[in-house]
Structures are given as structure tokens and as C-alpha cells.
Amino acid sequence: MLFSRALPSKNILVLDVGSSSVASFLVSVGRGSPELLATVRSPLPLLADPDFRQIERHTVRALKETAEHFHKSYPRISPDLIFVVISAPWYFCETKLVKISRREAFRITPQLLDDLVKDELELFKRKLVDSFSFPSDELLLLEHEVMRTVVNGYPVKNPLGKNTNQLELALYMSFTKKNFFETMESILRHFFSKGVLKVVSEPTALFRALSGMASAAEGFLIVDIGGEITEVYLVRGGILESALTFNWGGNLMVRQLASFLKVDFPEALSFFKSRVRGELKSSLEEKFSTVLQGVCSEWQDTLLKVLSELGKDKPLPQTMFLLGGTAGSDVVKNCASAKEFASLTILGKPFNVLTFIPEDLNKRVVVRGLDRQDPQMTLPLLLVLSALSHV
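The shown structure was predicted, so the numbers you read here are calculated from the model rather than taken from an experiment.

### Brief notes about the sheet that holds strand 6 (residues 139-151)
Moving on, step 1. Read from one edge to the other, the open sheet built from 4 strands follows the order 5-8-6-7, with strand pairing classed as antiparallel. Looking at which strands have only one partner, the edges of the open sheet turn out to be strand 5 (92-107) and strand 7 (154-156). For this sheet, the mean inter-axis angle between neighbouring strands, taken without regard to orientation, is 35°.
Moving on, step 2. Two strands pair when backbone bridges link them, and strand 6 and strand 8 (residues 163-177) are joined in this way by 11 bridges, in the antiparallel orientation. Residue Val-151 lies in a different strand from strand 8, and its bridge partner there is Leu-167.
Moving on, step 3. Of the strands in this sheet, strand 5, strand 6 and strand 8 are in contact with helix 2 (residues 110-132), which crosses strand 8 at around 40°.

### Details of helix 4 (residues 202-210)
Moving on, step 1. Buried residues dominate helix 4, accounting for 8 of its 9 residues.
Moving on, step 2. When helix 4 is considered as a whole, its buried residues turn out to be Glu-202, Pro-203, Thr-204, Ala-205, Leu-206, Phe-207, Ala-209 and Leu-210.

### A look at the side chain of Thr-230
Moving on, step 1. Following the sequence through the fold, Thr-230 ends up in strand 11 (residues 230-236).
Moving on, step 2. There is a polar contact of 2.6 Å between the side chain of Thr-230 and the backbone oxygen of Trp-248.
Moving on, step 3. The residues contacting Thr-230, other than those within four sequence positions of it, are Val-223, Asp-224, Ile-225, Leu-244, Thr-245, Phe-246, Trp-248 and Trp-299.

### A look at the environment of Lys-162
Moving on, step 1. Its location among the elements puts Lys-162 in the loop between strand 7 and strand 8.
Moving on, step 2. Separated by 56 residues in sequence, Lys-162 and Phe-106 have C-alpha atoms that sit 8.3 Å apart.
Moving on, step 3. Residues within four places of Lys-162 in sequence aside, it is in contact with Phe-106, Arg-107, Ile-108 and Val-156.

### Examining the packing of helix 4 against helix 9 (residues 378-387)
Moving on, step 1. One can describe the packing of helix 4 onto helix 9 by two numbers: an axis separation of 8 Å at closest approach and a directional angle of 75°. Accordingly, the angle class assigned to the pair helix 4 and helix 9 is roughly perpendicular. Seen from helix 4, the contacting residues are Glu-202, Ala-205, Leu-206, Arg-208, Ala-209 and Leu-210; seen from helix 9, they are Leu-379, Leu-382, Leu-383, Leu-385 and Ser-386.
Moving on, step 2. Considered class by class, the residues forming the contact of helix 4 with helix 9 number 8 nonpolar, 1 polar and 2 charged.

### Things to note about helix 9
Moving on, step 1. A large share of helix 9 lies buried, amounting to 10 of its 10 residues.
Moving on, step 2. Taken together, the buried positions of helix 9 are Thr-378, Leu-379, Pro-380, Leu-381, Leu-382, Leu-383, Val-384, Leu-385, Ser-386 and Ala-387.
Moving on, step 3. Residues of helix 9 that are buried sit in contact with strand 1 (10-17), strand 2 (21-29), strand 4 (81-86), helix 4, strand 10 (220-225) and strand 13 (319-323).

### Focus on empty space enclosed by the protein
Moving on, step 1. Considering all chains together, one arrives at 3 cavities of 30 Å³ or more under this definition.
Moving on, step 2. Here the largest cavity is characterised by a volume of approximately 70 Å³.
Moving on, step 3. Lining the largest cavity are Ser-19, Ser-20, Leu-44, Pro-45, Leu-46, Leu-47, Pro-50, Ile-55, His-58, Glu-228 and Asn-251.
Moving on, step 4. Within the lining of the largest cavity, the residues separate by chemical class into 6 nonpolar, 4 polar and 1 charged.

### Some remarks on the sheet that holds strand 1
Moving on, step 1. Taken in spatial order, the 5 strands line up as 3-2-1-4-9 in an open sheet, and their pairing is mixed. Pairing within the sheet leaves two strands with one partner each, and these edge strands are strand 3 (35-43) and strand 9 (196-201). The sheet shows a mean angle of 15° between the axes of neighbouring strands, taken without regard to direction.
Moving on, step 2. Pairing between strand 1 and strand 2: 8 bridges, direction antiparallel. Its bridge partner lying in strand 2, Lys-10 is registered against Val-29.
Moving on, step 3. Sitting on the sheet, helix 1 (residues 52-73) is in contact with strand 1, strand 2 and strand 3, with an inclination near 145° to strand 3.
Moving on, step 4. Against the sheet, helix 4 makes contact with strand 4 and strand 9, and its axis sits at roughly 95° relative to strand 9, the strand it touches most.

### Concerning the side chain of Thr-149
Moving on, step 1. Mapping Thr-149 onto the fold places it in strand 6.
Moving on, step 2. For Thr-149, a relative accessible area of 8% puts it in the buried group.
Moving on, step 3. Discounting residues that sit within four places of it in the chain, Thr-149 has contacts with Tyr-154, Pro-155, Val-156, Pro-159, Leu-167, Glu-168 and Leu-169.

### Quick look at the nonpolar core
Moving on, step 1. Judged by nonpolar contacts, the single largest core of 71 residues is most densely connected at Val-84, Ile-86 and Met-184.
Moving on, step 2. For this core, the leading source of residues is helix 9, giving 7 residues.
Moving on, step 3. Apart from the residues within four sequence positions on either side, Ile-86 is in contact with Val-17, Tyr-91, Leu-142, Thr-176, Phe-180, Met-184, Val-199, Val-200, Ser-201 and Glu-202.
Moving on, step 4. Formed by 40 residues, the second largest nonpolar core is a distinct cluster that contains Leu-46, Leu-307, Leu-322 and Val-332.

### Some words on the layout of surface pockets
Moving on, step 1. Here the largest pocket defines a volume of roughly 960 Å³.
Moving on, step 2. Surrounding the largest pocket, 35 residues form its lining, Cys-93, Glu-94, Ser-242, Ala-243 and Leu-244 being those nearest its centre.
Moving on, step 3. Elements with a minimum of two residues in the lining of the largest pocket: strand 5, helix 2, strand 8, strand 12 (239-246) and helix 7 (282-310).
Moving on, step 4. Here the second largest pocket is characterised by a volume of approximately 660 Å³.

### Overview of the pairing of strand 4
Moving on, step 1. Buried residues dominate strand 4, accounting for 6 of its 6 residues.
Moving on, step 2. Neither face of strand 4 is left uncovered, since the one carrying Leu-81, Phe-83 and Val-85 and the one carrying Ile-82, Val-84 and Ile-86 both have all their residues buried.
Moving on, step 3. Looking at chain direction, strand 1 and strand 4 are connected through 6 bridges and run parallel. When the bridges of strand 4 are listed, Val-14 appears paired with Phe-83.
Moving on, step 4. Where strand 4 lies against strand 9, 6 bridges are found, and the strand directions are parallel. Bridged to Val-84 within strand 9 is Val-199.

Scoring rules and cut-offs
Residues numbered from 1 in each chain as written. Predicted model: local features only at pLDDT ≥ 70, side-chain atom pairs only at ≥ 80, totals over all residues. Heavy atoms only, no water. Pairing = 2+ DSSP bridges. Helix = DSSP H or I, 4+ residues; strand = E, 2+ residues; numbered from the N terminus. Axes fitted to C-alpha atoms, helices over the stretch in contact; angles between N-to-C directions. Contact = heavy atoms within 4.5 Å. Buried < 20%, exposed > 50% of the residue type's maximum accessible area, 1.4 Å probe, protein only. Polar contact = N/O pair within 3.5 Å; in protein donor to acceptor, adjacent residues only side chain to side chain. Parallel < 35°, antiparallel > 145°, perpendicular 65-115°, else oblique. Nonpolar A, V, L, I, M, F, W, Y, C, P; charged D, E, K, R; others polar. 1 Å grid on protein atoms, 1.4 Å probe; cavity = no way out; pocket = protein on both sides within 12 Å on 5 of 7 lines; lining within 4 Å. Points joined across faces, edges and corners; volume = space filled by probe spheres on them. Core = buried A, V, L, I, M, F, W, Y, C linked by side-chain atoms within 4.5 Å.

Right under this line is the structure:
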């Protein structure tokens, strides 16, 4: 049970900052399940050939619109927690396995752990500077967390004070661009001067939310199809082991549909949503299926390369959570569960692909005034569950 005792009522504003929209939920947390009070989604314009600067400019605008909406619509509600989750391309992350082995036993002290973490953070920061040509002062540390500690081959929760010859840490680290973070912070503080501001990367937020629905020890994959980018996370051995991304999102599917049907982007998006709901006219179904299958085949090929990289050392978990607005498409789900992936899994079978709609989470979050069939709203609801760990 998430809530085993009465909690003082608190209000959380959860913001999902992605590559195609900024979605926000205002949630009341008290007795029983958290209750959704209001939601707003500010979409980014669907551009023909977007670049990073355009996406950043429109994301900032959408964030401002969202914050202003809640400030004006609910002037008497002040969030106790403003929980911001940033998706790709707004973060850079890595999980590093740090190992120490010495002939003579050594004592694990806070200073030793601090020095190890500090050294790894500096190494990762240099790696980002070299890879992306960022000046060092443009990168801001977002998170660092020791997700697992192994002493002499045995996992332990608290290693301090123990003597050992071998120490292993699984360290998750994430950075973001400093100017982007400061812009977000300035906007949110302008409208919400009080309340705790917590900004995290999507991998850790979804890791916490979905670990309550599947075994993190046995492992699972998370595949989030964003507007412009697909994010792939591997959870195994109780930790967030790896996170990779590639430039293919749901907007590409809409662009292809618009080109094929010779309509504008908003109309193509409307057609796509109708098909996901099963409301598309039969006269268009065959055309849609042909286009969607072609685009999804491209996505499947790229996903296969990414998963092959993740599974090069050992087989991948059998379970895959498929998220994002396009996850509700049967074509996309069929691509993710294709037989081509069977050689990568621990059972040698295609992935067991799980998708959600808001209705599936109704027992965990009290949802009112929300389209319970819209898969695009599933991800923000999962982030609400993740936010609860910070209350």
C-alpha cells in the first residue's frame, strides 16, 4: 500500500517536460489514494524539420503557459511540492559501476564514498564536455545516487563502517544544461514563490514508479516514445542499469501520414488519434495501416540496434513497458513484440509488451475530468506516482 497511515493534505504540481509537450497535473495527497485536481497539456508545435533551438524555445513557452494557467485558475492553491521531470533531450545520464579491490582490507568511510562519487561525477562531466563540446560551466549536476552497494560480493544497504577487500558501487548520475534549468526555475518561481522545487530526469522517475508494478530485481525495459525521441531504459538487478535514446518519435509518424494523405499536421494527428481509439473510417483504415507499418518498421530496426547494444553481455528481461502517445497504436505494440527481438530476451521469446491507459491506474490515482482512454496521459500519471516518494 502506498498509504498505510493518514497523511497531512499536501498539493503537488507535477510537470512532465518532454520533446513534444509540457503536461502538468495538480494533485492532492492526503488520506487514501492521491486525487487529481486539474490537468493541462501545452503541446509544442509540430514542425516539419525541428532543430534543438526551436524545440527549446517552444518548450520554454509551453512551460510558462502551463505555470501561468495553474497560477490564474487556482490562486488559492499553493503547491507544497513542484515536481519537474525532464525527458530527453533535456538531460544526460549514466550509471557507472565503480569497483575497488585491494589486497589489504580497508574501512568504508563517508569520506571514501564521497571521494569516489566526486571523482566519477568529474569524469562523467568531462566526457560530456568532450562529446558535445559544451563548456564545463554550462553543465549542471541534476542527480547522483548510489543505487546499489556490494561489499565482498554481497549487496548491503549501509556499507559504512564495514571492513572489506572489495567494494562495488552502482552510481547513477545526470546532468542538464545550466541555462535551461535556470530558465525553468525562474519561470516556476515567478508563479510559485513557495514550495519545494524538485527536478529529476525521466529515467529515475519512471524507475521508481514502475518498480512498484514489476520486479526491479528480475528486471524490465522501459521504452518511452516521445514526440521527437525514443528513450530506452534497462532496469536489472534492482538498479537503473542503462539509458539510451534515439531520434525517432511519434511526430515522425504524423509527418509521414500528413505527407501520404496530403493533409496538414493537425489533421494528420487527428486521424492518428481516431485510429488509436478505433474510430477511424473504414475507407481510411487500409491506407493508414500501410503507412504506419512502414514507419514502425523503421522504428523497429533502430530499436533492435539499441536493444542489441544493451543485451550484448547478457540476455534482456522479458518484460517491456511501452509508453508515450503512440504506444496506444496496435501497430507500434506489434512492432515492439516482434519475433526479431526473441534472440535478445532471457527466455528466447518476443518481449511481453505492457501498455497503459489512464484507466489502468485508477486504483493508484483518483482520476476525474481526464480522458481515461488517452495513452498520452499515462506517462504524467506515472510521474505523479513517482512524485509521492518526495512528499
